[in-house]
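Secondary and tertiary structure notes
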Amino acid sequence: MNNDMVGWLKIEGTKLNYPVLQTPDEPNYYLYRDFEGKDSKGGAIYAREECDINKPSDNITLYGHNMANGSMFAALNNYTSKEYWEKNKMIFFDTLYEYHTYKIFAVFKTSANLGEGFSYHQFVDAANEKEFNDFVSKCKELAFYDTGITPVYGDKLICLSTCEYTMDNGRLVVCARRVF
């Protein structure tokens, strides 16, 4: 139905159950377009253009709107609470070729203003172990709470990114480590 589809994202117990799209040659194409490419305020869930879904990259960043009606990535707001995380730790992200389960290790907010905040979305593939560990450390340092989970070099990560409204141009990020 859509050649841009690269996978499916689901978090049980939430409305988050959507196809994931990617357009490497057109960043943010699905920011305000739905699965069919039609204009849509809610857009679609899509992967950062540099990420390789099938290899996969060390970190895959997925974007989605924080919709007031509870759709798209609105459910991520619940993860600011450790109690919610304790009951909903898993993210399911299936590619066209494989099924994967991820366990959330950090939830944080940051600014997306140029020169401010943490540029989590720019981390795609670690050049070395130090770069990977630095990324994980920064995610955990900014986290709302300690999950007791620390990814190690060689793990595959996913970051779900949505708008966060307590700061100017804020982002709420849910980071998870692939466990299967």
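Preceding this section is the structure that the text describes.
Computed from a predicted model, the values in this text were never measured in an experiment.

Here is what the cut-offs are and how they apply
- Residues numbered from 1 in each chain as written.
- Predicted model: local features only at pLDDT ≥ 70, side-chain atom pairs only at ≥ 80, totals over all residues.
- Heavy atoms only, no water.
- Phe/Tyr/Trp six-rings, centres within 6.5 Å; stacked < 30°, edge-to-face > 60°.
- Helix = DSSP H or I, 4+ residues; strand = E, 2+ residues; numbered from the N terminus.
- Buried < 20%, exposed > 50% of the residue type's maximum accessible area, 1.4 Å probe, protein only.
- Lys NZ or Arg CZ within 6 Å of the ring centre and 35° of its normal.
- Pairing = 2+ DSSP bridges.
- Salt bridge = Lys/Arg side-chain N within 4 Å of Asp/Glu carboxyl O.

1. Re the packing of aromatic side chains
By the definition in use, this model includes eleven aromatic pairs. Their ring planes at 85° and their centres at 4.9 Å tell us that Tyr79 and Tyr84 sit as a pair that is edge-to-face. Measuring from ring centre to ring centre gives 4.2 Å for Phe123 and Phe135, while their planes differ by 15°; the resulting arrangement is stacked. With Phe123 in the loop between β6 (101-111) and α2 (129-142) and Phe135 in helix α2, this pair connects stretches of sequence that are twelve residues apart. Look at Phe123 and you get buried, because its relative accessible area is 8%. Among the residues examined, Phe135 registers a relative accessible area of 5% and is labelled buried. Each residue in the set Phe108, Phe118, Tyr120, Phe123, Phe132, Phe135 and Tyr153 is aromatic and connected to the rest through ring pairs, giving one cluster. A cation sits over an aromatic face here: Arg33 above Tyr29, 3.9 Å from the ring centre.

2. Regarding the pairing of strand β8 (residues 170-178)
Judged from the nine bridges that link them, β6 and β8 form a sheet pairing that is antiparallel. Directly across from Ile104, in β8, lies its bridge partner Ala176. Bridge count for strand β7 (residues 157-164) against β8 is eight bridges, and the pairing is antiparallel. What sits directly across from Thr162, in β8, is Leu172. Count of turn residues in the β7/β8 antiparallel hairpin: five residues, of which Asn169 carries a positive phi of about 55°.

3. Thoughts on the pattern of salt bridges
For the coordinates displayed, the defined rule picks out seven salt bridges. In this structure, Lys156 and Asp58 form a salt bridge, with 2.9 Å as the shortest nitrogen-oxygen distance. You can see Lys156 sitting in the loop between α2 and β7 and its partner Asp58 sitting in the loop between β3 (45-47) and β4 (59-63), a full 98 residues away along the chain. With respect to class, Lys156 is no different from Asp58; both count as buried.

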